[in-house]
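# Coordinate inspection notes
Letter by letter, the chains look like this.
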Amino acid sequence: GQERRREQQVDAVLREDRDGAARGMRELPDGQAEGDDRHEGEAHAADAMAELGDFSTAILSFEEIITRTPTNELVGRAWIRKGYCQAALGVDDPKRYEEAMESYKAALSSLQLTPDLRLEAEWRIGLCLEKLDRADEAVEQYVARVVYRYLEDQTRTGTPDAASAIWFTRAAFAAADVLEKRKEWRGAVRILQRVIEVGVPAAHDAQDRIDKIRKEN
């Protein structure tokens, strides 16, 4: 249905699937921007600009959404997407990574932010810290703000959250990558073991990584 197509388009964007995002945009029905769907339509349009590489224009569009609908549930996501665009520009201007982190922090202050988007924002802050060669801070960000928070949430709720598990998995593997580069094998194995214990879909990959680390080191 219409709502499912919207969800697929958003999922594609968050996973940086350019082809999937463009396809989802094409499938959105005419009249999307009417009534309460208007802001959703604007957000999708801004996402499409970002996926086409027009990051500066997309940033302006997300800023308009943030300014005009400060209490809308889209605001948190708009902050994250703005940060994503700023980070994409960081390749040519490292200061953009700092700006991106500020956008992610603004998203985290949004009361409407869902648990999975909260973890995504924290994970993306870690990515920026890595790009800025702040490896220690990046590992701390991944582990304390994403991995452990996910584990605490699961313990508290007792309910698996597939959307949040995506960012938990990405953060765990990202932290392990940094630790492996620094030859901190035990630390990398400890993080990967968390993935196995939780039983997320990537548990098998985590075990393979652990086996490889132990075999080669």
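### Regarding the overall build of the protein chain
A tally of helices and strands in the protein chain yields 11 helices and 0 strands. Counted from the first residue to the last, the protein chain has its helices and strands arranged as α-α-α-α-α-α-α-α-α-α-α. For the protein chain, the proportion of its 217 residues judged to be buried stands at 46%. Contacts in the protein chain between residues at least 24 apart in sequence constitute 57% of all its contacts with a sequence separation of at least 6. When the accessible surface of the protein chain is split by element, carbon and sulfur atoms take 48% of a total near 11500 Å².

### Some points on unusual backbone geometry
Positive phi, normally seen in glycine, also occurs at Asp133, with a value near 60°. Mapped onto the elements of the fold, Asp133 is located in the loop between helix H7 (115-131) and helix H8 (135-157). Positioned with a positive phi, Lys183 is a non-glycine residue whose angle comes to about 60°. Here Lys183 lies in the loop between helix H9 (162-181) and helix H10 (185-198). Of the residues examined, Lys183 reaches a relative accessible area of 61% and is grouped as exposed.

### Digging into H9
Taking 1.5 Å of rise per residue, 20 residues should cover 28 Å, and H9 covers 29 Å from first to last C-alpha, within 8% of that figure. N-cap assignment for H9: the residue whose side-chain oxygen lies 3.2 Å from the backbone N of Ala163 is Asp161. Immediately beyond the C-terminal end of H9, within one or two residues, lies Lys183, with a positive phi of roughly 60°.

### Examining helix H6 (residues 95-108)
Here H6 spans 20 Å end to end across 14 residues, near enough to the 20 Å set by a 1.5 Å rise per residue. The elements touched by buried residues of H6 are helix H5 (74-88) and H7.

### Structural notes on the packing of H5 against H6
Angle between the axes and distance between the axes: these two values describe a pair of packed helices. Across the interface, H5 lies against H6 with an axial gap of 8 Å and an inter-helix angle of 170°. As judged from the angle between their axes, H5 and H6 are roughly antiparallel. Only Arg96, Tyr97, Glu99, Ala100, Ser103, Tyr104, Ala106 and Ala107 of H6 make contact with H5, whose side of the interface consists of Gly76, Trp79, Ile80, Lys82, Gly83, Tyr84, Gln86 and Ala87. When the residues that make up the contact of H5 with H6 are grouped by side-chain class, the tally is 9 nonpolar, 4 polar and 3 charged.

### Observations concerning the side chain of Arg81
When you line up the elements, Arg81 lands in helix H5. Classification of Arg81 by relative accessible area gives buried; the value is 1%. Of the polar contacts made by the side chain of Arg81, one reaches the side chain of Asp47; its length is 2.9 Å.

### Points about the nonpolar core
By size, the foremost hydrophobic cluster in this structure holds 57 residues, and its most contacted members are Cys85 and Tyr104. Residue contributions to this core peak at 11 residues, all from H9.

### A look at the packing of H8 against H10
The geometry of H8 relative to H10 is characterised by a closest axis approach of 11 Å and an angle of 25° between their N-to-C directions. By the angle between their directions, the pair H8 and H10 is classed as roughly parallel. Read as a crossing pair, H8 and H10 show a hand that is left-handed. Of the residues in H10, those in contact with Val143, Tyr148, Tyr150 and Leu151 of H8 are Ile191, Arg194 and Val198. Looking at the contact of H8 with H10, its residues break down into 6 nonpolar, no polar and 1 charged.

### Some remarks on the packing of aromatic side chains
What the rule picks out here adds up to 3 aromatic pairs. Seen from their ring centres, Phe55 and Tyr84 are 6.4 Å apart, and the 75° between their planes marks the pair as edge-to-face. Of the two residues, Phe55 is situated in helix H4 (residues 55-68) and Tyr84 in helix H5; the sequence distance between them amounts to 29 residues. Each member of the pair, Phe55 together with Tyr84, is buried. An angle of 45° between the planes, with centres 5.1 Å apart, marks the rings of Trp123 and Trp167 as tilted. Placement of Trp123 in helix H7 and of Trp167 in helix H9 is noted, with a sequence separation of 44 residues between them. By relative accessible area, which is 7% here, Trp123 ends up buried.

Cut-offs used in this document
- Residues numbered from 1 in each chain as written.
- Predicted model: local features only at pLDDT ≥ 70, side-chain atom pairs only at ≥ 80, totals over all residues.
- Heavy atoms only, no water.
- Helix = DSSP H or I, 4+ residues; strand = E, 2+ residues; numbered from the N terminus.
- Buried < 20%, exposed > 50% of the residue type's maximum accessible area, 1.4 Å probe, protein only.
- Contact = heavy atoms within 4.5 Å.
- Areas by Shrake-Rupley, 256 points an atom, 1.4 Å probe, with all protein chains shown as cover.
- Expected span 1.5 Å × (residues − 1).
- Polar contact = N/O pair within 3.5 Å; in protein donor to acceptor, adjacent residues only side chain to side chain.
- Axes fitted to C-alpha atoms, helices over the stretch in contact; angles between N-to-C directions.
- Parallel < 35°, antiparallel > 145°, perpendicular 65-115°, else oblique.
- Nonpolar A, V, L, I, M, F, W, Y, C, P; charged D, E, K, R; others polar.
- Core = buried A, V, L, I, M, F, W, Y, C linked by side-chain atoms within 4.5 Å.
- Left-handed = near helix turned anticlockwise from the far one by under 90°.
- Phe/Tyr/Trp six-rings, centres within 6.5 Å; stacked < 30°, edge-to-face > 60°.

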